[in-house]
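This is what each chain is made of:
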Amino acid sequence: LKNLGSCPSQYIIENGEVTITGCNREFISDLVIPDTIEGLPVTSIAEKAFYNYSNLENVYIPASVTNIGELAFAETYDSRGFFVDQQNPNYSSTDGILFNKAQTELIQAPQRLKISEYTVPDTVSKICSRAFSGVYGPEKIILPEGLTYIDDFAFMYCYYLKEINFPDSLE
């Protein structure tokens, strides 16, 4: 494990590629994942790398990151948005919400999603584990017909959520 200079991130190098494994919680609010470290491409963010980080607000993901581990950004209580480089082949973001590139999987909503109503895009067929866990808003979530899977704890601790529909397409 090594620290990354001004952004005190921890990472490992394997097979000529870099995986971000976390960072010093005290120093991070806006996290800009670099394209390269030590001249090597940053291709992964490890499982639970930033899980339960309370100061993390905005996350910028470069085109080089092709793998984001499960729960990498779950329960980041001050998160306001995820922003993915448009050239990224595997991930995208819309309105600060993290999706896979095709937007068939909703990976993570920011915890400070301060809107009263959110409509999940029609393209989404899966909502990942803890995707909305602890989100401060919205009060109403509209799920699309075509959504087939909602992973464990997707809406855990959504204290402000008052209304949600579950489409017939859910398996």
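Anything mentioned here points back to the structure above.
Rules used throughout
Residues numbered from 1 in each chain as written. Predicted model: local features only at pLDDT ≥ 70, side-chain atom pairs only at ≥ 80, totals over all residues. Heavy atoms only, no water. Helix = DSSP H or I, 4+ residues; strand = E, 2+ residues; numbered from the N terminus. Rg over C-alpha atoms; globule rule 2.2 N^0.38 Å. Buried < 20%, exposed > 50% of the residue type's maximum accessible area, 1.4 Å probe, protein only. Contact = heavy atoms within 4.5 Å. Lys, Arg positive; Asp, Glu negative; His and termini not counted. Charge placed at Lys NZ, Arg CZ, Asp CG, Glu CD. Phe/Tyr/Trp six-rings, centres within 6.5 Å; stacked < 30°, edge-to-face > 60°. Pairing = 2+ DSSP bridges. Axes fitted to C-alpha atoms, helices over the stretch in contact; angles between N-to-C directions. Salt bridge = Lys/Arg side-chain N within 4 Å of Asp/Glu carboxyl O.

Colleague: When you look at the overall build of the protein in this model, what are you seeing that I'm missing?
Modeller: A count of helices and strands for the protein gives zero helices and 17 strands. Rg of the C-alpha trace for the protein: 16 Å, near the compact-globule value of 16 Å for 171 residues, within the 12% margin. Its C-alpha atoms give the protein principal-axis dimensions of roughly 50 × 30 × 25 Å. Buried residues in the protein amount to 49% of all 171 residues. In the protein, once contacts between residues fewer than 6 apart in sequence are set aside, the share between residues at least 24 apart is 37%. In the protein, which carries 11 positive and 23 negative side-chain charges, the distance between the mean positions of the two groups comes to 6 Å.

Colleague: Mind showing me how you'd approach the side chain of Asp-78 here?
Modeller: Here Asp-78 lies in the loop between β8 (67-68) and β9 (81-84). For Asp-78, the residues in contact, after removing those within four places along its chain, are Ser-54, Asn-55, Leu-56, Glu-57 and Arg-112.

Colleague: Got a minute to help me understand the packing of aromatic side chains in this structure?
Modeller: Each aromatic ring pair is described using two quantities: the centre-to-centre distance and the angle formed by the ring planes. In total, this model carries seven aromatic pairs according to the counting rule given. Considering the side-chain rings of Phe-50 and Tyr-53, the 5.3 Å spacing of their centres and the 75° angle between planes classify their relative orientation as edge-to-face. An identical accessibility class is assigned to Phe-50 and Tyr-53; each is buried. Geometrically, the ring pair formed by Phe-132 and Phe-155 is stacked, given 5.3 Å between the ring centres and 15° between the ring planes. Here the residue Phe-132 occupies a position in the loop between β14 (126-127) and β15 (140-142), and Phe-155 occupies one in the loop between β16 (149-150) and β17 (163-164), the gap between them amounting to 23 residues. Residue class for Phe-132 comes out buried when judged on its relative accessible area of 0%. Grouping aromatic residues by their ring pairs yields a cluster made of Phe-50, Tyr-53, Phe-73 and Phe-82.

Colleague: Mind showing me how you'd approach the sheet that holds β9 here?
Modeller: Strand pairing in a sheet relies on backbone hydrogen bonds, with the paired strands running either antiparallel or parallel. If you trace the three strands from one edge of the open sheet to the other, you get β4-β7-β9, paired in parallel fashion. A single partner strand is all that each edge strand has here, and the edge strands are β4 (30-32) and β9. Mean inter-strand twist for the sheet, computed between neighbouring axes without regard to direction, equals 10°. Pairing between β4 and strand β7 (residues 58-61): three bridges, direction parallel. Within β7, the residue paired with Asp-30 across the bridge is Asn-58.

Colleague: Can you walk me through the pattern of salt bridges in this structure?
Modeller: A side chain with one charge can pair with a side chain of the opposite charge if their charged atoms come near. Per the stated rule, a full pass over the model turns up three salt bridges. A salt bridge links Arg-112 to Asp-78; the shortest N-O distance between them is 2.8 Å. Highlighted residues: Arg-112 in the loop between β12 (105-108) and β13 (117-119) and Asp-78 in the loop between β8 and β9, separated in sequence by 34 residues. Judged by its relative accessible area of 17%, Asp-78 falls in the buried class.

By themselves, these figures tell us nothing about what the structure is for.
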